[in-house]
Amino acid sequence: MKNSRFFCIPRSVLAIASILLAVSLGLYVTSRPAPEQKPLPSPQPQSYTSYLILEETTGETLMQISVPPTVGDELITDTNKRYTIVKVEENRSYARFVEDVNLKKYQNPK
């Protein structure tokens, strides 16, 4: 009989100790400040294989290129008209007519 009492005391002490450990661990975890969240990565622009340059008012395709255009870029078409990119949306950009260009003025005389 003595032996069964001897084993009961350590079991109860072990049970109380494990409850105290669980409570103290729970208090420790909840008392710590939450870690700072990392900022979300900035969205990367979508990469396309080709980009269209459209005339702003008519929607006519002026050019198709493989590099992304930016607002302010300029182009001269095969009809010697100069345009400036005014708006970029996904793989479409819109160009505004600036002037007719006289390329003969820039040729070297022979």
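It should be noted that the structure appears before, not after, this text.
The rules behind these values
- Residues numbered from 1 in each chain as written.
- Predicted model: local features only at pLDDT ≥ 70, side-chain atom pairs only at ≥ 80, totals over all residues.
- Heavy atoms only, no water.
- Patch = residues over 30% accessible without salt bridge, like charges linked within 9 Å, V, L, I, M, F, W, Y side chains within 5 Å.
- Areas by Shrake-Rupley, 256 points an atom, 1.4 Å probe, with all protein chains shown as cover.
- Salt bridge = Lys/Arg side-chain N within 4 Å of Asp/Glu carboxyl O.
- Helix = DSSP H or I, 4+ residues; strand = E, 2+ residues; numbered from the N terminus.
- Buried < 20%, exposed > 50% of the residue type's maximum accessible area, 1.4 Å probe, protein only.
- Pairing = 2+ DSSP bridges.
- Contact = heavy atoms within 4.5 Å.
- Phe/Tyr/Trp six-rings, centres within 6.5 Å; stacked < 30°, edge-to-face > 60°.

Trainee: What am I meant to see in a nonpolar patch on the surface here?
Mentor: Residues Ile-19, Val-23 and Leu-27 make up a contiguous nonpolar surface patch of roughly 300 Å² in combined accessible area. One can find Leu-27 in helix H1 (residues 2-31).

Trainee: Help me understand the pattern of salt bridges, please; the structure alone is not making it clear to me.
Mentor: In a structure, side chains of opposite charge can pair up when their charged atoms sit close to one another. Throughout the structure, instances matching the rule amount to seven salt bridges. Here Asp-100 ties to Lys-81 by a salt bridge, and the two come within 3.9 Å at their closest N and O atoms. Here Asp-100 is found in strand S5 (residues 92-100), whereas its partner Lys-81 is found in strand S4 (residues 81-89), with 19 residues between them in sequence. For Asp-100, a relative accessible area of 52% gives the class exposed. Residue Lys-81 is classed as partly exposed on the basis of its relative accessible area of 29%. Two residues, Glu-89 and Lys-87, come together in a salt bridge whose shortest N-O distance is 3.6 Å. Relative accessible area serves as the criterion here: at 31%, Glu-89 is assigned to the partly exposed category. In this structure, a network of salt bridges that share partners links the residues Lys-87, Glu-89, Glu-90 and Arg-92.

Trainee: I keep staring at the pairing of S4 and nothing clicks. Help me out?
Mentor: On any regular strand, side chains alternate: one points to one face of the sheet, the next to the other face. Direction of pairing for strand S3 (residues 74-76) relative to S4: antiparallel, over a ladder of three bridges. Across the sheet, Leu-75 pairs through a bridge with Tyr-83, a residue of S4. As consecutive antiparallel partners, S3 and S4 are separated by four residues, and within that stretch Asn-80 has a phi angle of approximately 60 degrees, a positive value.

Trainee: What exactly am I supposed to notice about the side chain of Ser-93 here?
Mentor: Within the element layout of this structure, Ser-93 appears in strand S5. Classification of Ser-93 as buried rests on a relative accessible area of 0%. Residue contacts for Ser-93: discarding those within four places in its chain leaves Leu-52, Ile-53, Leu-54, Pro-69, Ile-85, Lys-87 and Val-88.

Trainee: What should I look at first to understand the packing of aromatic side chains in this one?
Mentor: To describe a pair of aromatic rings, one takes the distance between the centres and the angle between the planes. Within the structure shown, the criterion is met by two aromatic pairs. Look at Tyr-48 and Tyr-51: their rings are 6.0 Å apart centre to centre, the planes differ by 85 degrees, and that puts the pair in the edge-to-face class. By relative accessible area, Tyr-48 is classed as partly exposed at 26%. Using a relative accessible area of 6% as the deciding quantity, one classes Tyr-51 as buried. Ring plane angle 75 degrees and centroid distance 5.7 Å describe the contact between Tyr-83 and Phe-97, whose orientation is recorded as edge-to-face. Residue Tyr-83 is located in strand S4, and its partner Phe-97 is located in strand S5; the two are separated by 14 residues in the primary sequence.

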